[in-house]
Amino acid sequence: MGEVKTAPVAAVLVDEAAFAPAGAIAFYEDRASGEIAGFHFQCPCGCGLMGGVRLIGSQAWRWNACRDKPTVSPSVLLYGADGRPHWHGWLRNGVWESC
């Protein structure tokens, strides 16, 4: 099965990403510095897979530092349990968009 495509999905901000709606994101902080270190997210297709985006440190995504309408780059690629690409797209202005 190839990558799934979705219509645009709002990235709803939640406290905990597990069992949240499709596209939901939950930020987490670095324990040492207290700064936002990244976020976990529910796959925008609604399948229940979770991914993560690192916002500090090596190999971090660039982001606009806006919790309400985050934008990250480069694109986000979520792999399925079989190790194959499952969903690929952008988070722009708080909306997930398939590539």
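Residues numbered from 1 in each chain as written. Predicted model: local features only at pLDDT ≥ 70, side-chain atom pairs only at ≥ 80, totals over all residues. Heavy atoms only, no water.

K.L.:
How should the overall build of the chain be read in this particular structure?
P.N.:
What the chain contains, in helices and strands, is 0 helices and 8 strands. Beginning at the N terminus, the succession of helices and strands in the chain can be written as β-β-β-β-β-β-β-β. Relative to the 2.2 N^0.38 estimate, which gives 13 Å for 99 residues, the radius of gyration of the chain is 13 Å and therefore close to what a compact globule would have. Principal-axis analysis of the C-alpha atoms gives the chain an extent of 40 × 25 × 25 Å. (Helix = DSSP H or I, 4+ residues; strand = E, 2+ residues; numbered from the N terminus. Rg over C-alpha atoms; globule rule 2.2 N^0.38 Å.)

K.L.:
Explanation requested: the sheet that holds strand 4 (residues 50-54) in the structure shown.
P.N.:
In any sheet, the strands associate via hydrogen bonds between backbone groups, in a parallel or an antiparallel arrangement. Reading across the sheet, the 3 strands line up as 2-3-4 and stay open at both edges, with antiparallel pairing between neighbours. Either end of the sheet is taken by a strand with one partner, and the two such strands are strand 2 (25-29) and strand 4. Averaged over all pairs of adjacent strands, the angle between their axes in this sheet comes to 25°, without regard to strand direction. In the sheet, strand 2 pairs with strand 3 (residues 36-42) via 5 bridges, with the strands oriented antiparallel. Directly across from Ala 26, in strand 3, lies its bridge partner His 40. (Pairing = 2+ DSSP bridges. Axes fitted to C-alpha atoms, helices over the stretch in contact; angles between N-to-C directions.)

K.L.:
How should the sheet that holds strand 6 (residues 72-79) be read in this particular structure?
P.N.:
Pairing is antiparallel across the open sheet formed by 5 strands, whose spatial order is 1-8-7-6-5. Of all the strands in the sheet, the pair left with one neighbour each is strand 1 (9-10) and strand 5 (62-63). Direction of pairing for strand 6 relative to strand 7 (residues 85-92): antiparallel, over a ladder of 5 bridges. Bridging across to strand 7, Tyr 79 finds its partner in Pro 85.

K.L.:
Just to check I follow, could you spell out the pattern of salt bridges for this structure?
P.N.:
Oppositely charged side chains can form a pair if their charged atoms are brought close together. On inspection of all chains with the given rule, the structure shows 1 salt bridge. One salt bridge connects Arg 92 with Glu 97, and the closest N-O pair in it is separated by 3.2 Å. The class for Glu 97 is partly exposed, based on a relative accessible area of 26%. (Salt bridge = Lys/Arg side-chain N within 4 Å of Asp/Glu carboxyl O. Buried < 20%, exposed > 50% of the residue type's maximum accessible area, 1.4 Å probe, protein only.)

K.L.:
Even after reading the chapter, I still don't get the pairing of strand 7, so can you show me in this structure?
P.N.:
Regular strands place side chains that alternate from one sheet face to the opposite one. Hairpin geometry of strand 6 and strand 7 is characterised by an intervening segment of 5 residues between the two adjacent antiparallel strands and by a positive phi of about 85° at Gly 83. As paired elements, strand 7 and strand 8 (residues 95-98) share 4 bridges and run antiparallel to each other. Following the sheet pairing, Gly 89 is matched in strand 8 by Ser 98. Where strand 7 folds back onto strand 8 in an antiparallel hairpin, the turn is made up of 2 residues, including Asn 93, whose phi is positive at roughly 50°.

K.L.:
Looking at this model, I keep getting lost on the side chain of Thr 6. Mind explaining?
P.N.:
Secondary-structure assignment places Thr 6 in the segment before strand 1. Reaching out from Thr 6, the side chain makes a polar contact with the side chain of Trp 87 at a distance of 3.3 Å. Setting aside chain neighbours within four positions, we find Thr 6 in contact with Pro 44, Cys 45, Trp 87 and Ser 98. (Polar contact = N/O pair within 3.5 Å; in protein donor to acceptor, adjacent residues only side chain to side chain. Contact = heavy atoms within 4.5 Å.)

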